[in-house]
Amino acid sequence: MNSTTSEPVEISELRCIACGLRTHSPGHRFRCSTCADLLEIVYPGWDTSDGRRTAPFTAAALKALWRARRKSLVSLDQSGVWRFRELLPHFSDQEKIITLREGNTPLYELPSCARAVGVEYLLAKHQGMNPTGSFKDTGMTVAASMARQEGFGWVGCASTGNTSASVAAYAARAQMRSLVLIPQGKVSWGKLSQALDYGAITVELKTDFDGCSQILDEVVDRMPVYLLNSVNPYRIEGQKTAAIELLEQLDWQPPDHIIVPGGNLGNSSALGKAFCELEKLHFITRLPKVSIVQAEGANPLVRTMRETGGRKLVSVQAETAASAIRIGRPASWKKAVRVLEQLGGTVAEVSELEIAWAKAQIGADGVGCEPASAVTLAGLKRMVRDGFVKPGESVVLILTGHLLKDPDFTLQFHRGELFGGKEAEILVPHQRAPIVLEASADAVISALKRVEETSEA
Ligand code: F0G
C-alpha cells in the first residue's frame, strides 16, 4: 500500500480546546489531563505567522498532486480521505491504514428542491454514498487505523446506528474486535443489521445515546478498548476531507452556505475546522457560512445558542424520529459553537413534519437520504424565510446518510402512518404508497392513466 510520491510530512500535536495544553498522549478518553475538555489536532508546521518558518507546501502544488492521485492505482490514493493525507496526521507505517476507499462522494444538483425553497444554486454533497452508507467512514478510516497502529485488539463506540456500522466494518477489515453500545429499540434495522453482519459485539442498552456514551466511558476506563466516538480527534481529522473534496469539486470556489445536521456535533466541527485550515493555507480566500440544523425535539445546540449565547450547554431529553440525531448532550458542543462563531453560520430547529416533508422532496430529486440528513433542507427553508440565506446565494447541503439506512421511516411516510391530523394534509401530494392491483396489464394501464389525469388536473 506504499505511496508513489514523495510527500511532505507534517507532525501533528494534540491540544486542549479549553486550556490550550499540548500533549502527545491523548489518554483513553481523549480528554485533557488538566481540565478534562476535548482535544483537537494541530499542525505546528503550518503556522508561519511569526515569519520563522516557511509553509511545507504550496496550495497550488497540493491541488495538482491530489488531482494526479485520482489516476493512481495505489489504494491510499484511491481513498477520498487519504488522497488528501498531507492535511491529516502522519502515519509512519502506511501498511497499518485501514481503507474501504471511503470518501469520493458525489455532489448533486437538487433542481426541484431549489425551486421549492426559492434559491438558485442548491447542491447536495452526499456523504451517504460512503462504503457503509454514512459520513462516519471518512473519520473511521483515520481513527480505526490509529487504533490498529497502537496495537489495540478492541475498539468501541456508543451510537445511534451509523457510527456502529462504520466501527464494525473498519474493525472487521483489520481483524480487530468491536463493541457497540446502542439505545434499545431506537436504532433503525438497517444500521443494526450492518453492525451484526460486520461482526460487532452489539449491545442494546435500556437507555438513550447519552446514557450509552456514559457507560462506554466507564468501560474504556476499565478495559483496553479504543474509543471511536467523535470525541476521538482522529475521527474529526478524517471527516475534514468532505470539505476538501467538496471544494475540489467546486474548483476551489466556496459556496456561500454549507448546511449540516447536528447530533453529537463532531461533523460540523470537522467541516468548520477544514474550512478554517484551508483558508489559512491559502487554498481559498473566503469562508462559507456553516450552519447547523437540529430536530425540535433534540435541540441542545439551538437552546445553548439561544439561551446562553453559546457559553453553557443546555442539555435536553432528546426525542425525534430522525433517530441518528436523537442526542441531548452533544460531546462536541464547544467545538460547534466555535465553528458558528468563526464561520458566521446560524442554528435552526425543524419539526418532525418538516423533516419528513424535506426528506420526500430530496427523494423526489432522485437523490434520497435518511431522515437526519433531511433536516438540512428543512432548515434551509427556514433560513430563506428568515432572510439569512438570500435567493441568489449558493448553498450546499451535507447529506449524511443513505436513504436505505431507515426504510421503515420512508414506508411509514408514504403510507401516511407518520402523522395524523389536518397539518399532515400538506404531505399527501408527496406520498406514494404502493398500489395493490390484480395481475393484469389493463389494471396497470388504468392506474397509469389515473395518475396522468390527476397530475394534469
Ligand atoms: N446524520 C447522520 C445520518 C448521523 O448518523 C449523525 C450522527 C448525524 C447526522 C449527526 O452528526 O453527531 O457529528 O453531529 N450519528 C452518530 C451515530 C451520533 O452514532 O451514528 P454529528
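Right above here is the structure, for reference.
Scope of this entry: the structure provided in the associated data block. Note that the structure is predicted; figures quoted are calculated from it, not measured. (Residues numbered from 1 in each chain as written. Predicted model: local features only at pLDDT ≥ 70, side-chain atom pairs only at ≥ 80, totals over all residues. Heavy atoms only, no water.)

1. A look at the overall build of the protein chain
Next up, step 1: When you go through the protein chain residue by residue, the secondary structure sums to 16 helices and 13 strands.
Next up, step 2: Taking 23 Å as the expected radius of gyration for a compact globule of 457 residues, we find that the protein chain reaches 22 Å, a close match to that expectation.
Next up, step 3: Summarising its shape, the C-alpha atoms of the protein chain cover approximately 75 × 50 × 50 Å along the three principal directions.
Next up, step 4: Across the 457 residues of the protein chain, 56% fall into the buried class. (Helix = DSSP H or I, 4+ residues; strand = E, 2+ residues; numbered from the N terminus. Rg over C-alpha atoms; globule rule 2.2 N^0.38 Å. Buried < 20%, exposed > 50% of the residue type's maximum accessible area, 1.4 Å probe, protein only.)

2. Describing a nonpolar patch on the surface
Next up, step 1: A surface patch of nonpolar side chains, amounting to about 370 Å² of accessible area, comprises Ile-435, Leu-437, Val-444 and Leu-448.
Next up, step 2: Position of Leu-437 among the secondary structure elements: in the loop between helix H15 (407-414) and helix H16 (441-456). (Patch = residues over 30% accessible without salt bridge, like charges linked within 9 Å, V, L, I, M, F, W, Y side chains within 5 Å. Areas by Shrake-Rupley, 256 points an atom, 1.4 Å probe, with all protein chains shown as cover. Salt bridge = Lys/Arg side-chain N within 4 Å of Asp/Glu carboxyl O.)

3. Notes on the site of the ligand
Next up, step 1: Taken together, 21 residues lie near the ligand, and Ser-159, Asn-162, Asn-264, Leu-265 and Thr-400 sit nearest.
Next up, step 2: Between the ligand and Ser-159, the relevant distance is 2.7 Å, taken from an oxygen atom to a side-chain nitrogen or oxygen of the residue.
Next up, step 3: Asn-162 places a side-chain nitrogen or oxygen 2.8 Å from an oxygen atom of the ligand.
Next up, step 4: When isolated, the ligand has an accessible area of 480 Å², and the protein chains bury 98% of it.
Next up, step 5: Put simply, the parts of the chain that give the shell around the ligand at least two residues each are helix H5 (162-173) and helix H10 (266-280).
Next up, step 6: Residues belonging to the shell around the ligand are distributed by class as follows: 7 nonpolar, 12 polar and 2 charged. (Near = heavy atom within 4 Å. Polar contact = N/O pair within 3.5 Å; in protein donor to acceptor, adjacent residues only side chain to side chain. Nonpolar A, V, L, I, M, F, W, Y, C, P; charged D, E, K, R; others polar.)

4. Some details on the sheet that holds strand E8 (residues 201-205)
Next up, step 1: Taken together, 4 strands build an open sheet; the order of strands is E8-E7-E6-E9 and the sheet is parallel. On the outer flanks of this sheet lie E8 and strand E9 (225-227), each paired with one strand and no other. Strand-to-strand, the axes of this sheet are offset by a mean angle of 25°, without reference to chain direction.
Next up, step 2: Here 3 bridges tie strand E6 (residues 154-158) to E9, and the two strands are oriented parallel to one another. Opposite Gly-156, over in E9, you have Leu-227 as the bridge partner.
Next up, step 3: Contacts from helix H6 (residues 189-197) reach strand E7 (177-183) and E8 within the one sheet, and its direction differs from that of E8 by about 140°.
Next up, step 4: Of the strands in this sheet, E6, E7, E8 and E9 touch helix H7 (residues 209-222), which is tilted by about 145° from E7. (Pairing = 2+ DSSP bridges. Axes fitted to C-alpha atoms, helices over the stretch in contact; angles between N-to-C directions. Contact = heavy atoms within 4.5 Å.)

5. Comments concerning the sheet that holds strand E3 (residues 39-42)
Next up, step 1: What the 3 strands build is an open sheet, ordered E2-E1-E3; its pairing is antiparallel. Sheet topology places strand E2 (22-23) and E3 at the edges, where each strand pairs with a single neighbour.

6. Quick word on the packing of aromatic side chains
Next up, step 1: For the coordinates displayed, the defined rule picks out 9 aromatic pairs.
Next up, step 2: Judged by centre distance (5.6 Å) and plane angle (85°), the rings of Phe-30 and Tyr-226 are edge-to-face. Placement of the pair is Phe-30 in the loop between E2 and E3 and Tyr-226 in strand E9, with a sequence separation of 196 residues.
Next up, step 3: Since its relative accessible area comes to 4%, Tyr-226 is described here as buried.
Next up, step 4: Each member of the aromatic cluster is reached from another via a ring pair, and the members are Trp-66, Phe-84, Trp-252 and Phe-283.
Next up, step 5: Over the face of the ring belonging to Trp-357 we find Lys-381, whose NZ or CZ atom lies 4.1 Å from the ring centre. (Phe/Tyr/Trp six-rings, centres within 6.5 Å; stacked < 30°, edge-to-face > 60°. Lys NZ or Arg CZ within 6 Å of the ring centre and 35° of its normal.)

7. Let's talk about the nonpolar core
Next up, step 1: Residues Leu-87, Tyr-234 and Phe-275 are the most contacted members of the largest nonpolar core, which totals 86 residues.
Next up, step 2: Excluding anything up to four places from it in sequence, Phe-275 contacts Ala-243, Leu-246, Leu-247, Ile-258, Ile-284, Leu-287, Pro-288, Val-290 and Leu-343. (Core = buried A, V, L, I, M, F, W, Y, C linked by side-chain atoms within 4.5 Å.)

8. Quick word on the pairing of strand E10 (residues 257-261)
Next up, step 1: Of all 5 residues in E10, 5 are buried; the element is thus mostly enclosed.
Next up, step 2: Of the two faces of E10, the one carrying His-257, Ile-259 and Pro-261 and the one carrying Ile-258 and Val-260 are both buried.
Next up, step 3: In this sheet, strand E11 (residues 289-295) lies alongside E10 in parallel orientation, the contact comprising 5 bridges. Among the inter-strand pairings, Val-260 is bridged to a residue of E11, identified as Ile-292.
Next up, step 4: Read from E10 through H10 to E11, the crossover connection turns out right-handed.
Next up, step 5: Pairing between E10 and strand E13 (residues 394-399): 3 bridges, direction parallel. If you follow Ile-259 over to E13, its bridge partner there is Leu-397. (Right-handed = clockwise from strand over helix to strand, strands pointing away.)

9. Describing unusual backbone geometry
Residues other than glycine predominantly adopt negative phi, and peptide bonds predominantly adopt the trans conformation.
Next up, step 1: Non-glycine residue Asn-104 carries a positive phi angle of around 55°.
Next up, step 2: When its relative accessible area of 36% is taken as the criterion, Asn-104 is described as partly exposed.
Next up, step 3: Its identity as a non-glycine residue notwithstanding, His-282 has a phi of 65°, on the positive side.
Next up, step 4: Tracing the sequence through the fold places His-282 in the loop between H10 and E11.
Next up, step 5: Residue His-282 is classed as exposed on the basis of its relative accessible area, which comes to 65%.

10. Section: the pattern of salt bridges
Next up, step 1: Applying the stated criterion across every chain, the model contains 24 salt bridges.
Next up, step 2: Across the pair Lys-125 and Glu-245 runs a salt bridge, and its minimum N-O distance is 2.4 Å. Within this pair, whereas Lys-125 is found in strand E5 (residues 121-126), its partner Glu-245 is found in helix H9 (residues 241-249), the two being separated by 120 residues in sequence. Summarising the burial analysis for this pair, Lys-125 and Glu-245 share the class buried.
Next up, step 3: Its salt-bridge partner being Lys-273, residue Glu-277 comes within 2.7 Å of it at the nearest N-O pair. Of this pair, Glu-277 and Lys-273 both sit in helix H10, separated by 4 residues, roughly a single helical turn.

11. As for the packing of H5 against H6
Packed helices, taken two at a time, are described by the angle their axes make and the gap between the axes.
Next up, step 1: One can describe the packing of H5 onto H6 by two numbers: an axis separation of 8 Å at closest approach and a directional angle of 20°. Compared by their axis directions, H5 and H6 come out roughly parallel. By crossing handedness, the relation of H5 to H6 is classed as left-handed. Seen from H5, the contacting residues are Asn-162, Ser-164, Ala-165 and Ala-168; seen from H6, they are Lys-191, Gln-194 and Ala-195.
Next up, step 2: Looking at the contact of H5 with H6 residue by residue, the class counts come to 3 nonpolar, 3 polar and 1 charged. (Parallel < 35°, antiparallel > 145°, perpendicular 65-115°, else oblique. Left-handed = near helix turned anticlockwise from the far one by under 90°.)

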